[in-house]
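Residues per chain, in single letters:
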Amino acid sequence: MEKLIEKIYSRPARPGMVGDGFRVFNYFPNAELTQHRVSPFLLLDFNAEYDFGPSDHLRGVDVHPHKGFETVTIAYKGSVAHHDSTGNSGVINPGDVQWMTAGAGILHKEYHEENFSKKGGPFEMVQLWVNLPAKDKLTSPKYQPITADKMGKVILPGNGGTVNVIAGNFNESEGPASTFTPVNLFDIRLNKGGKLHTSIPITHNSILLVIGGKVTVNGQQADEHSFILFKNEGEEINISADENSVVLLLSGEPINEPIAQYGPFVMNTPQELQVAFQEFQSGKFGVLE
Ligand code: MN
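Residues numbered from 1 in each chain as written. Predicted model: local features only at pLDDT ≥ 70, side-chain atom pairs only at ≥ 80, totals over all residues. Heavy atoms only, no water.

## Observations regarding the overall build of the protein
Turning to step 1, where the next piece is worked out: The secondary structure content of the protein amounts to three helices and 26 strands.
Turning to step 2, where the next piece is worked out: By its C-alpha atoms, the protein is 55 × 45 × 35 Å across when sized along the principal axes.
Turning to step 3, where the next piece is worked out: Buried residues in the protein amount to 54% of all 289 residues.
Turning to step 4, where the next piece is worked out: Sequence separation of at least 24 residues holds for 72% of the intrachain contacts in the protein that already meet a minimum separation of 6.
Turning to step 5, where the next piece is worked out: Accessible surface computed for the protein: about 12200 Å², of which carbon and sulfur atoms make up 51%.
Turning to step 6, where the next piece is worked out: For the protein, the distance from the average site of its 23 positive side-chain charges to the average site of its 33 negative ones is 3 Å. (Helix = DSSP H or I, 4+ residues; strand = E, 2+ residues; numbered from the N terminus. Buried < 20%, exposed > 50% of the residue type's maximum accessible area, 1.4 Å probe, protein only. Contact = heavy atoms within 4.5 Å. Areas by Shrake-Rupley, 256 points an atom, 1.4 Å probe, with all protein chains shown as cover. Lys, Arg positive; Asp, Glu negative; His and termini not counted. Charge placed at Lys NZ, Arg CZ, Asp CG, Glu CD.)

## Details of the coordination of the manganese ion
Turning to step 1, where the next piece is worked out: Taken together, His-64 (NE2), His-66 (NE2), His-108 (NE2) and Glu-110 (OE) make up the full set of protein donors to the manganese ion, lying 2.1 to 2.3 Å away.
Turning to step 2, where the next piece is worked out: In terms of primary sequence, the donors binding the manganese ion are separated according to H-x1-H-x41-H-x1-E. Taken as a pair, His-66 in strand β5 (residues 60-66) and His-108 in strand β10 (residues 106-112) lie far apart in primary sequence, 42 residues in all.
Turning to step 3, where the next piece is worked out: With a relative accessible area of 0%, His-108 lands in the buried category. (Donors = N, O, S within 2.8 Å, 3.2 Å for Na, K, Ca; no water.)

## Re the side chain of Ser-226
Turning to step 1, where the next piece is worked out: Here Ser-226 lies in the loop between β21 (220-222) and β22 (227-230).
Turning to step 2, where the next piece is worked out: Note on Ser-226: relative accessible area 5%, which makes it buried.
Turning to step 3, where the next piece is worked out: Those residues within four positions of Ser-226 in sequence are excluded, and the remaining contacts are Ile-8, Tyr-9, Ser-10, Leu-208, Leu-209 and Val-210.

## What to know about the nonpolar core
Turning to step 1, where the next piece is worked out: Counting 32 residues, the largest nonpolar core has Leu-44, Trp-99, Val-126, Leu-185, Leu-209, Phe-227 and Leu-248 as its most contacted members.
Turning to step 2, where the next piece is worked out: Sorting elements by how many residues they give to this core places strand β4 (residues 41-51) first, with four residues.
Turning to step 3, where the next piece is worked out: Val-217, Ala-222, Ile-228 and Ala-241 belong to the second largest nonpolar core, which has 23 residues in total. (Core = buried A, V, L, I, M, F, W, Y, C linked by side-chain atoms within 4.5 Å.)

## Some words on the packing of aromatic side chains
Turning to step 1, where the next piece is worked out: The tally for this structure, following the rule as stated, stands at 15 aromatic pairs.
Turning to step 2, where the next piece is worked out: Where Phe-52 meets Phe-123, the ring centres are 5.5 Å apart and the plane angle is 85°; that geometry is what we call edge-to-face. Here Phe-52 is found in the loop between β4 and β5, whereas its partner Phe-123 is found in strand β11 (residues 122-131), with 71 residues between them in sequence.
Turning to step 3, where the next piece is worked out: Residue classification places Phe-123 among the buried residues on the basis of a relative accessible area of 0%.
Turning to step 4, where the next piece is worked out: Measuring from ring centre to ring centre gives 5.4 Å for Tyr-262 and Phe-277, while their planes differ by 50°; the resulting arrangement is tilted. Within this pair, whereas Tyr-262 is found in strand β25 (residues 260-262), its partner Phe-277 is found in helix α3 (residues 270-281), the two being separated by 15 residues in sequence.
Turning to step 5, where the next piece is worked out: Looking at Tyr-262, the relative accessible area reads 52%, which means it is exposed.
Turning to step 6, where the next piece is worked out: A relative accessible area of 28% places Phe-277 in the partly exposed class.
Turning to step 7, where the next piece is worked out: Put simply, the rings of Tyr-9, Tyr-27, Phe-28, Phe-46 and Phe-227 touch in pairs and so form one group of aromatic residues. (Phe/Tyr/Trp six-rings, centres within 6.5 Å; stacked < 30°, edge-to-face > 60°.)

## Notes on the layout of surface pockets
Turning to step 1, where the next piece is worked out: Roughly 310 Å³ of internal volume is contained in the largest pocket.
Turning to step 2, where the next piece is worked out: If you go around the largest pocket, you meet 19 residues; those closest to its centre are Val-18, Asp-45, Val-61, Glu-110 and Gln-127.
Turning to step 3, where the next piece is worked out: Breaking the lining of the largest pocket down by element, the ones donating at least two residues are β3 (22-28), β4, β5, β7 (80-84) and β11.
Turning to step 4, where the next piece is worked out: The element contributing the most residues to the lining of the largest pocket is β11, with four residues. (1 Å grid on protein atoms, 1.4 Å probe; cavity = no way out; pocket = protein on both sides within 12 Å on 5 of 7 lines; lining within 4 Å. Points joined across faces, edges and corners; volume = space filled by probe spheres on them.)

## Overview of the sheet that holds strand β18 (residues 195-199)
Turning to step 1, where the next piece is worked out: One open sheet holds the four strands; their spatial order is β18-β23-β20-β21, and the pairing between them is antiparallel. Two strands bound the open sheet, and with one partner strand each, they are β18 and β21. Neighbour-to-neighbour, the strand axes of the sheet open up by a mean angle of 25°, direction not taken into account.
Turning to step 2, where the next piece is worked out: Two strands pair when backbone bridges link them, and strand β20 (residues 215-217) and β21 are joined in this way by three bridges, in the antiparallel orientation. Paired with Val-217 across the bridge in β21 is Gln-220. (Pairing = 2+ DSSP bridges. Axes fitted to C-alpha atoms, helices over the stretch in contact; angles between N-to-C directions.)

Now the structure itself:
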């Protein structure tokens, strides 16, 4: 049976700035899209295409901590550089994904890559926060650079388009990301008239974001930048592209555990949050210039 659609949301009215380099629409969390509906995902920020123009400094976010979850950055246009307190650094180019497990605690910075920053140009990114189950919250920080060439690639029939499998399993093709709970993350590129069929477990919370173009999903039309929340009823998803379209499909098994969150720390109890603060303030997450 086709997965039922709970609601189609349009793009939030106003973007907010994260540092001076990310102009993002925050799709969740909010009063309606609470943990109950979106777990294991905690947050979705979408920097819809925006041209920052040339800059002589590297726009972005300066050193900040994370603890207790993972940050996943998906680059569609433009390039982002980062480095962190464990010594990892890298550049995410269009089509690439950075999967950072903050786990027990990390400091990092995220900013426009130098050459891109100098030239300016269209910039389009998604940042997703993925929760960790209680048993893995203190896992060692790690970093998975998932470049476009490493992703599972599925060519859709009839020149319909391509699915880049970042995490999970799309029609028997595996994504390279290692995850702590079952998560699917698919970067879907459809040509006009292209069709896609897949099946997502009924137990997963499931979401689709239209990055660009216009699609029909299980019989309902979804315009550019709209956000579809599926009900946890039915498994089949059918997408057809009314224009050339780019779509992000995310789904995951909910983590049914209490959440205590303050900004970039996401733990299970207020006591654990206090510990996170103390660790951050005492320099336990390391040093980063
Ligand atoms: Mn960050």
